[in-house]
Structures are given as structure tokens and as C-alpha cells.
Amino acid sequence: MAKQKNYGMVIDTRVCVGCSACVYACKSENSVPEGYCRDWVVQETNGTYPKLSMENRSERCQHCEKAPCVTYCPTGASHYAEDGTVQVNRSRCTGCKACLAACPYDARFVHPEGYVDKCSLCKHRLDQGLETACVSVCPTKSLNLVDFNEPDQEALALMNGKEVYRQKEHAGTRPSLYWISARNKPGV
């Protein structure tokens, strides 16, 4: 019997150029309305002149193992899928915004049709054995869809020996997205 999937992402900020191809692919694939987005690119500059560093980072729902959006959803619309992702059942969502208030990543919005929307990690594509739309178009291969239950441990191989972080770990949500820091030297 095949082991259950546990999807997440490893995002290599060392090679992200901030082109936003991921954002446009997501909008097209998921018919995201104008003025909204399920993923976005952040450009962060640190240090003081002349010692500055910059990191481009593609961000989206963190598909947390302990997702507060699931905990505080009063209707059960926000739920864990069997593949480790966090999903929204549109027919059960009342648009009450409890999940928006609970999410520490600001990864959700109320769709103009009245339900809450967010990155689904392209579940409809995953169910067909395809990559997410964002991963499929990333020109620098910064975005990597991984199965943390995969026996070949691709996720560990990508992160091995590198400075890796997850966002807002202090929130205790156990996010399933990992970023390889731009502070790592290229080629490491």
C-alpha cells in the first residue's frame, strides 16, 4: 500500500528573481479575480549601506500542520485534506472571516462570490499527478513541490547543509513551506 502523501514546498530564495511568473500562473490556473491573489512575491532588503542583502520570496498559504484557520472555522469549511494540504470547501464557507483573523500569514481573502479563497496548492492538479501551476512555470526552479513522506527524501536533499527557515514558527502552526535563505552561498 502506498504511503499517504504529505505535500509542502521548498522555496530556494537564492535563485528567485522575483519575476512573478508564479503569481500569474496561479491567477490563470485558478481563475483568481482581478485585484486578488493566492500567492505573491516579497522583496526584502536587510543590512545597512554598503552591506546590504536582498531576498526575493514567493509566498502563499503555508498549509500548516496545526492550522488555526481550521481550528477556528465554525462550519468546517476549512479542513485538512488527506494529502496534508489545507483546503476550503466553498459550499460550507459562509465568508464569516474567522479564518482570516486566525491566519498569521494573511494568506486568505474573501472571494467576490462570498467564500474564502486561498492557495489550494493546486489540489486539482495534484490529484492528477501534476505539479502546481506556480512550480510548473518557475523559470529558475526556485519553487519545489515536495512530498515529505516520499522515500527518496527530496525535501531533505534540497535543504541539506543549507540555512533554511519557516515563517512565524513562534505561532506554533508547523508550516509546510520551507525557504532556503539567500544568505547561503550559491552552489551550496
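Residues numbered from 1 in each chain as written. Predicted model: local features only at pLDDT ≥ 70, side-chain atom pairs only at ≥ 80, totals over all residues. Heavy atoms only, no water.

Q: What should I look at first to understand the sheet that holds strand β1 (residues 7-12) in this one?
A: Taking strand neighbours across the sheet as the criterion, the 4 strands line up as β8-β1-β10-β9 in an open arrangement whose pairing is mixed. Across the chains shown, the open sheet's two edge strands, defined by having one partner strand only, are β8 (143-147) and β9 (164-165). Pairing of β1 with strand β10 (residues 177-180), which is carried by 4 bridges, proceeds in the parallel orientation. Each bridged residue has a counterpart across the sheet, and for Val10 the counterpart in β10 is Tyr178. (Pairing = 2+ DSSP bridges. Helix = DSSP H or I, 4+ residues; strand = E, 2+ residues; numbered from the N terminus.)

Q: Quick question: what am I supposed to make of the pattern of salt bridges here?
A: Where charged atoms of side chains with opposite charge meet at close range, the side chains can pair. For the structure shown, the criterion picks out 14 salt bridges. With a shortest N-O distance of 3.2 Å, Glu65 and Arg174 are connected by a salt bridge. Taken as a pair, Glu65 in the loop between β3 (51-60) and α2 (68-72) and Arg174 in the loop between β9 and β10 lie far apart in primary sequence, 109 residues in all. Exposure remark for Glu65: the relative accessible area of 40% places this residue in the partly exposed category. Note on Arg174: relative accessible area 39%, which makes it partly exposed. With a closest N to O distance of 3.2 Å, Glu82 and Lys123 form a salt bridge. (Salt bridge = Lys/Arg side-chain N within 4 Å of Asp/Glu carboxyl O. Buried < 20%, exposed > 50% of the residue type's maximum accessible area, 1.4 Å probe, protein only.)

Q: Even after reading the chapter, I still don't get the pairing of β8, so can you show me in this structure?
A: In regular strands, side chains alternate between the two faces of the sheet. In terms of burial, β8 is a largely internal element, 5 of the 5 residues being buried. Of the two faces of β8, the one lined by Leu143, Leu145 and Asp147 and the one lined by Asn144 and Val146 are each fully buried. Where β1 lies against β8, 5 bridges are found, and the strand directions are antiparallel. Of the residues in β8, the one forming a bridge with Met9 is Leu145.

Q: Please explain the side chain of Glu55 as it appears in this structure.
A: Tracing the sequence through the fold places Glu55 in strand β3. In terms of polar contacts, Glu55 uses its side chain to reach the side chain of Arg57, at 3.0 Å. Among the polar contacts made by the side chain of Glu55, one reaches the main-chain amide nitrogen of Ala182 at a distance of 3.0 Å. Each residue touching Glu55, except ones within four places of it in the same chain, is listed here: Thr13, Val42, Gln43, Glu44, Tyr165, Ser181 and Ala182. (Polar contact = N/O pair within 3.5 Å; in protein donor to acceptor, adjacent residues only side chain to side chain. Contact = heavy atoms within 4.5 Å.)

Q: Sorry, what's going on with the pairing of β1 here?
A: With 6 of its 6 residues buried, β1 lies for the most part within the structure. Across the two faces of β1 the burial is the same, with Tyr7, Met9 and Ile11 and Gly8, Val10 and Asp12 all buried.

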